[in-house]
Amino acid sequence: MTSLAAAHIRIARPTKDMDAAIRFWVQGFGMTLEGRKPSETGTLEELAFIGWPGGNWHLELVLDREITPAPSEEDLLVLYLEGPVEDQLLESIENAGGRRVGARNPYWDEHGVTIADPDGYLVVLSTRSWS
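Residues numbered from 1 in each chain as written. Predicted model: local features only at pLDDT ≥ 70, side-chain atom pairs only at ≥ 80, totals over all residues. Heavy atoms only, no water.

(A) Looking closely at the pattern of salt bridges. Following the criterion strictly, the structure yields eight salt bridges and no others. Salt-bridge contacts for lysine 16 lead to aspartate 119; the nearest nitrogen and oxygen are separated by 3.5 Å. Here the residue lysine 16 occupies a position in the loop between strand 1 (9-14) and helix 1 (18-29), and aspartate 119 occupies one in the loop between strand 7 (112-116) and strand 8 (122-126), the gap between them amounting to 103 residues. Taking the relative accessible area as the measure of exposure, lysine 16 reaches 57% and is therefore exposed. (Salt bridge = Lys/Arg side-chain N within 4 Å of Asp/Glu carboxyl O. Helix = DSSP H or I, 4+ residues; strand = E, 2+ residues; numbered from the N terminus. Buried < 20%, exposed > 50% of the residue type's maximum accessible area, 1.4 Å probe, protein only.)

Given below as structure tokens:
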């Protein structure tokens, strides 16, 4: 039987600016651009795949002229760092187009830093551990 608990995850997010989104994740977080290709059909203009080598999840960025990114205050991608958020990491993320924002849920402000990406999606760098 296939184990869903061991499954790898792809998180797809629309973007209005592929170059800005790639810069945010690659230069800001140190992820790797695993692939980028133009679409061959329909309204989809471009796809990019970003992740960490050997990681069990990656992002699929989608540029489609019929889809507008529509993030909400609870549309969070949380990264559990199990320790303090380093100033150098925050500087790198901000230099790559991210901006610090307050979280809707004060829990995340108490236990990390919330960053808005160039499309307005939120990434929480949590000081907590996963367990």
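Next comes the rest of the account.
(B) How the structure looks around the sheet that holds strand 7. Taken in spatial order, the four strands line up as 5-8-7-6 in an open sheet, and their pairing is mixed. Looking at which strands have only one partner, the edges of the open sheet turn out to be strand 5 (76-80) and strand 6 (99-101). Strand-to-strand twist across the sheet, computed as the mean angle between neighbouring axes with direction ignored, equals 35°. Contacts from helix 1 reach strand 5, strand 7 and strand 8, with the element oriented near 15° to strand 8. (Pairing = 2+ DSSP bridges. Axes fitted to C-alpha atoms, helices over the stretch in contact; angles between N-to-C directions. Contact = heavy atoms within 4.5 Å.)

(C) Molecular detail of the nonpolar core. Within the largest apolar cluster, 22 residues are counted, with the highest numbers of intra-cluster contacts made by Trp25, Phe29, Leu61, Val123 and Leu125. Residues in contact with leucine 61, not counting those within four places in the same chain, are Arg13, Met18, Ala21, Ile22, Trp25, Glu46, Leu47, Ala48 and Ile50. (Core = buried A, V, L, I, M, F, W, Y, C linked by side-chain atoms within 4.5 Å.)

(D) Spotlight on helix 1. Look at helix 1: 16 Å from first C-alpha to last across 12 residues, which is about the 16 Å you get at 1.5 Å a residue. For helix 1, every residue scored as buried is listed here: Met18, Ala20, Ala21, Ile22, Phe24, Trp25, Gly28 and Phe29. The distance from a side-chain oxygen at the start of helix 1 to the backbone nitrogen of aspartate 19 is 3.3 Å, and the residue carrying that oxygen is aspartate 17. (Expected span 1.5 Å × (residues − 1). Polar contact = N/O pair within 3.5 Å; in protein donor to acceptor, adjacent residues only side chain to side chain.)

(E) Highlighting the sheet that holds strand 3 (residues 44-51). Taken in spatial order, the four strands line up as 1-4-3-2 in an open sheet, and their pairing is mixed. Each edge of the open sheet carries a strand with a single partner, namely strand 1 and strand 2 (32-38). Each strand of the sheet is rotated relative to its neighbour by a mean of 20°, with strand direction disregarded. Where strand 2 lies against strand 3, six bridges are found, and the strand directions are antiparallel.

(F) Representation of the side chain of aspartate 117 within the structure. In this fold, aspartate 117 is placed in the loop between strand 7 and strand 8. Within the buried set, aspartate 117 has no salt-bridge partner at all; the shortest N-O distance to an opposite charge, 4.2 Å, is to arginine 13. Leaving out residues up to four positions away in the same chain, aspartate 117 has contacts with Arg13, Phe24 and Trp25. (Lys, Arg positive; Asp, Glu negative; His and termini not counted.)

None of the figures reported here should be taken as evidence of function without further support.
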